Amino acid sequence: TVEQLDRVLTELLQTRGTALVLLDQRVAHLGSRMLPRVRKEGGRILVTEVPSLRSPGEYRSEIDNQVSARIIAGR
């Protein structure tokens, strides 16, 4: 649920944890208030989505944009 996602992301931010978070595409679009913050901060917590098995051809991962931005920035 979005509440569980926000709880986990909040804990990772508070404890300064390092994590790779894999989200079901549906969960990633439920309206989490913490997900945009985590994605914006970057660094310790990397978030990506797992495509739906029903429509894998329509999938575009947020990680694509993050990796491209880091390459352009030279990080």
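Structure first, text after, so check above.
Every value quoted in this text rests on a predicted model; they were computed, and no experiment measured them.

Cut-offs used in this document
- The written sequence of each chain sets the order in which its residues are numbered from 1.
- Where local features are concerned, this predicted model is filtered to residues with pLDDT of at least 70; where side-chain atom pairs are given and counted, the filter is 80 or more; whole-chain, interface and lining totals use all residues.
- Note that the side-chain values use all heavy atoms of the structure and ignore hydrogens as well as water.
- For this document, the term salt bridge refers to a Lys or Arg side-chain nitrogen within 4 Å of an Asp or Glu carboxyl oxygen.
- Only runs of H or I of at least four residues qualify as helices and only runs of E of at least two qualify as strands under DSSP, and these elements are numbered from the N terminus.
- We call a set of buried Ala, Val, Leu, Ile, Met, Phe, Trp, Tyr and Cys residues a nonpolar core when their side-chain atoms join them within 4.5 Å.
- For the exposure calls, accessible area comes from a 1.4 Å probe over protein chains only, and a residue counts as buried if that area is under 20% of its type's maximum, exposed if over 50%, partly exposed in between.
- Given the number of residues in a helix, its expected span is that number minus one, multiplied by 1.5 Å.
- We treat two strands as partners when DSSP finds at least two bridges between them.

Colleague: Would you mind going over the pattern of salt bridges with me for this structure?
Modeller: Charged atoms that come close allow side chains of opposite charge to pair. Counted by the stated rule, this structure contains 3 salt bridges. Across the pair Arg-37 and Glu-41 runs a salt bridge whose closest N-O atoms are separated by 3.1 Å. With Arg-37 and Glu-41 both in helix 3 (residues 35-41), this residue pair falls 4 residues apart, about one helical turn. The partner of Glu-49 in a salt bridge is Arg-39, and the shortest N-O contact between them spans 3.2 Å. On the criterion of sequence distance, the pair formed by Glu-49 in strand 2 (residues 45-50) and Arg-39 in helix 3 is long-range, its members being 10 residues apart.

Colleague: For this particular structure, what's the right way to read the nonpolar core?
Modeller: Soluble, globular proteins show a tendency: their nonpolar side chains are buried together. Residues Leu-9, Val-21, Leu-23, Leu-35, Ile-45 and Val-47 are the most contacted members of the largest nonpolar core, which totals 13 residues. Breaking this core down by element, the ones donating at least two residues are helix 1 (2-15), strand 1 (19-24), helix 3 and strand 2. The element that contributes the greatest number of residues to this core is helix 1, accounting for 4 residues.

Colleague: For this particular structure, what's the right way to read helix 1?
Modeller: Every α-helix carries 3.6 residues per turn, so stepping three or four residues along brings you back to the same face. For helix 1, built from 14 residues, the straight-helix expectation of 20 Å at 1.5 Å per residue is met to within 8% by its first-to-last C-alpha distance of 20 Å. Looking one or two residues past helix 1, Arg-16 carries a phi angle of roughly 55 degrees, positive in sign.

Colleague: Help me understand the pairing of strand 1, please; the structure alone is not making it clear to me.
Modeller: In summary, the side chains of a regular strand alternate between the two faces of the sheet. By the alternation rule, side chains of strand 1 split into Ala-19, Val-21 and Leu-23, which are all buried, and Leu-20, Leu-22 and Asp-24, of which none is buried. Pairing geometry for strand 1 and strand 2, over 6 bridges, is parallel. Bridge pairing in strand 2 links Leu-23 to Glu-49.

Colleague: Just checking my understanding: could you explain unusual backbone geometry for this structure?
Modeller: Generally, phi is negative for residues other than glycine and the peptide bonds are trans, each holding for most cases. The backbone of Arg-16 sits at a positive phi, close to 55 degrees, despite the residue not being glycine. Within the fold, Arg-16 resides in the loop between helix 1 and strand 1. Judged by relative accessible area, which is 60%, Arg-16 ranks as exposed.

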